[in-house]
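In case you want the letters, here they are:
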Amino acid sequence: MTEPGLAAGLARARALLAEAERVLVLTGAGISADSGVPTFRGPGGLWKDFRPEDLATPEAFERDPRLVWEWYGWRREVVSGCRPNAAHVSLARWQARAPGRIRIATQNVDGLHSLAAVEGSTDGTTDPSADLAEVHGTLFGSRCNGCGLRFTDRATVDATAIGTLPACASCDSLLRPDVVWYGEALDPAVIELAFRWAAEADACLVIGTSALVHPAASLPSVTRENGGSIVEVNPEATPLTAHATVSLRGGAAATVPSIVPLPRTTPITADSP
Ligand code: BV8
Ligand code: ZN
């Protein structure tokens, strides 16, 4: 249900998030659009020249690993020049203020949530993976097609020929991007954690996703089925909009900082917790 007018919606969203004990935040490509990372399906989106089945499937990699690595190498370079925006930063600060209560499940592979967490930590000890599930993997990781070894990998990719593609340091087999492709199962441990967080959440804040890709797109309904609310932030309506408690027509960087609860300014007294 969409509240009449953005102001009323913002106030309702702020109240729902402030009173929630535990929150699951589900993010999609839209939260990174304000950082300059192209989305998948919007105008100028990543898929504009390709169809998902052309590139983001195991069959595509089998058929033409050079083309697939060329696309992922280009995306690594684009994302390496992008910074977390105000939405990533306000979520990271919220998590730091409420350890263990604010969990993020992201469909994005751009690493911007981790970067915001590390940059936002005052003492540099923040574990960027705490309370963050990258359910579709990471652009900056590779996995060996032969022995399964995983590598953190920020190197630029030389996709000029099959012979120059990344190879495993251990068994010399061809490496693949460490992302989940269409038709591939998600890492059971990661997606089960995200579904547990969804079931435990009093509110699910859904930012910048077309809510088309499963199983991630079904996380908000798990929160709702367990009595929680859904707050959506998206400039456009999605299949989730009709099921949202509040759906805000706005961009992530402009909207999220204004609905994330501010630090509690309760005066410190002798018996403060
Ligand atoms: C699985 C990683 C089962 C790679 C991605 C038929 C055949 C095969 C499979 C299926 C099928 N039908 C259904 C399926 C299942 C399929 C699926 O859901 N397909 C959809 C398209 C119908 N899912 C799968 O295949 C999944 N696996 O089901 O496995 C299985 C089980 C056991 C054993 C074997 C198999 C795997 C899905 C994972 C695919 N990988 N990414 C890569 O990144 O290259 S998905 C890809 O899409 C990205 O992760 C992306 O995040 C995700 C979803 O897209 P969005 O994030 O929502 O981005 P999008 O561009 O669509 O939307 C952006 C939104 O932002 C818009 O709404 C826009 O309005 C908004 N926006 C724009 N600007 C802003 C903004 N919002 C806020 N602020 C702004 N400024
Ligand atoms: Zn190997």
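Residues numbered from 1 in each chain as written. Chains lettered and ligands numbered in written order. Predicted model: local features only at pLDDT ≥ 70, side-chain atom pairs only at ≥ 80, totals over all residues. Heavy atoms only, no water.

A. Region of interest: the coordination of the zinc ion (ligand 2). Those donors, Cys144 (SG), Cys147 (SG), Cys168 (SG) and Cys171 (SG), are the protein atoms that reach the zinc ion (ligand 2), and they lie 2.2 to 2.3 Å from it. The coordination sphere of the zinc ion (ligand 2) comprises four donor atoms, whose angles at the metal cover 97 to 120 degrees; the geometry is tetrahedral. Judged by relative accessible area, which is 41%, cysteine 147 ranks as partly exposed. (Donors = N, O, S within 2.8 Å, 3.2 Å for Na, K, Ca; no water. Tetrahedral: all angles 85-135°; square planar, octahedral: opposite > 155°, others 65-115°. Buried < 20%, exposed > 50% of the residue type's maximum accessible area, 1.4 Å probe, protein only.)

B. Focus on helix H1 (residues 6-19). End to end, H1 covers 20 Å across 14 residues, agreeing with the expected 20 Å (1.5 Å per residue, within 8%). Among the residues making up H1, those that are buried are Gly9, Leu10, Ala13, Leu16 and Leu17. All buried residues of H1 lie within an arc of 135 degrees about the axis, which places them on one face of the element. Those residues of H1 that are exposed and aimed more than 90 degrees away from the buried face are Ala7 and Glu19. (Helix = DSSP H or I, 4+ residues; strand = E, 2+ residues; numbered from the N terminus. Expected span 1.5 Å × (residues − 1). Arc of directions from axis to C-beta.)

C. View of the layout of surface pockets. There is about 610 Å³ of room inside the second largest pocket. Along the wall of the second largest pocket there are 31 residues; nearest its centre are Ser114, Glu134, Gly137, Thr138 and Asp178. Top element by residues in the lining of the second largest pocket is strand S4 (residues 137-144). It accounts for four residues. Looking at the lining of the second largest pocket, its residues break down into 14 nonpolar, eight polar and nine charged. The residues that make up the lining of the second largest pocket include at least three from each of domain 1 (1-37 + 84-136 + 187-273) and domain 2 (38-81 + 137-179). (1 Å grid on protein atoms, 1.4 Å probe; cavity = no way out; pocket = protein on both sides within 12 Å on 5 of 7 lines; lining within 4 Å. Points joined across faces, edges and corners; volume = space filled by probe spheres on them. Nonpolar A, V, L, I, M, F, W, Y, C, P; charged D, E, K, R; others polar. Domains from an automatic or database assignment.)

D. Structural context of the site of ligand 1. Taken together, the neighbourhood of ligand 1 is formed by 34 residues, with Arg41, Tyr72, Arg75, Gly183 and Ser210 sitting nearest. Note that an oxygen atom of ligand 1 is positioned 2.6 Å from one of the side-chain N or O atoms of tyrosine 72. With respect to ligand 1, the side chain of histidine 136 contributes an N or O atom lying 2.8 Å from an oxygen atom. Protein burial of ligand 1: of its 1,500 Å² of free accessible surface, 71% is covered by the chains. Counting only elements with at least two residues in the shell around ligand 1, the list comes to helix H2 (29-33) and helix H5 (65-80). Here the residues of the shell around ligand 1 sort into 16 nonpolar, 13 polar and five charged. (Near = heavy atom within 4 Å. Polar contact = N/O pair within 3.5 Å; in protein donor to acceptor, adjacent residues only side chain to side chain. Areas by Shrake-Rupley, 256 points an atom, 1.4 Å probe, with all protein chains shown as cover.)

E. Looking closely at helix H10 (residues 252-259). Within H10, the full set of buried residues consists of Ala252, Thr255, Val256 and Ile259. Along the axis of H10, the buried residues cluster in a sector spanning 95 degrees; they form a single face. Each element contacted by the buried residues of H10 is listed here: H1, H2, helix H6 (86-97), strand S7 (203-207), strand S8 (229-233) and strand S9 (246-248). (Contact = heavy atoms within 4.5 Å.)

F. Spatial organisation of empty space enclosed by the protein. Evaluated as defined, the whole model comprises one cavity of 30 Å³ or more. In terms of lining residues, the largest cavity is bounded by ten residues, among which Gln95, Ile104, His113, Ser114 and Ala117 are the most central. Counting residues per element, the ones that place at least two in the lining of the largest cavity are H6 and helix H7 (112-120). In terms of residue count, the dominant contributor to the lining of the largest cavity is H7 (four residues). Here the lining of the largest cavity is composed, by residue class, of six nonpolar, four polar and no charged.

G. Local environment of the nonpolar core. Val23, Leu91, Leu205, Ile207 and Ile259 are the most contacted members of the largest nonpolar core, which has 26 residues in total. Those elements giving two or more residues to this core turn out to be H1, strand S1 (23-27), H6, strand S2 (102-106), S7, S8, S9 and H10. Ranked by residue count, the leading element in this core is H1, at four residues. When sequence neighbours within four positions are dropped, the list of residues in contact with valine 23 reads Leu17, Trp94, Arg101, Ile102, Arg103, Ala201, Ala203 and Leu205. Grouped together as the second largest cluster of nonpolar side chains are 23 residues, Ala56, Phe61, Cys144 and Val157 included. (Core = buried A, V, L, I, M, F, W, Y, C linked by side-chain atoms within 4.5 Å.)

H. Spotlight on the sheet that holds S4. Strand order in the open sheet formed by three strands is S5-S4-S6, and the pairing between neighbours is antiparallel. Edge positions in the sheet fall to strand S5 (150-152) and strand S6 (175-179), since each of these pairs with one other strand and no more. Averaged over all pairs of adjacent strands, the angle between strand axes in this sheet comes to 40 degrees, irrespective of strand direction. Strand direction decides the pairing type here: S4 and S5, joined by three bridges, are antiparallel. Opposite glycine 141, over in S5, you have threonine 152 as the bridge partner. Taken strand by strand, H5 contacts S4 and S6, and its axis lies near 140 degrees from that of S4. (Pairing = 2+ DSSP bridges. Axes fitted to C-alpha atoms, helices over the stretch in contact; angles between N-to-C directions.)

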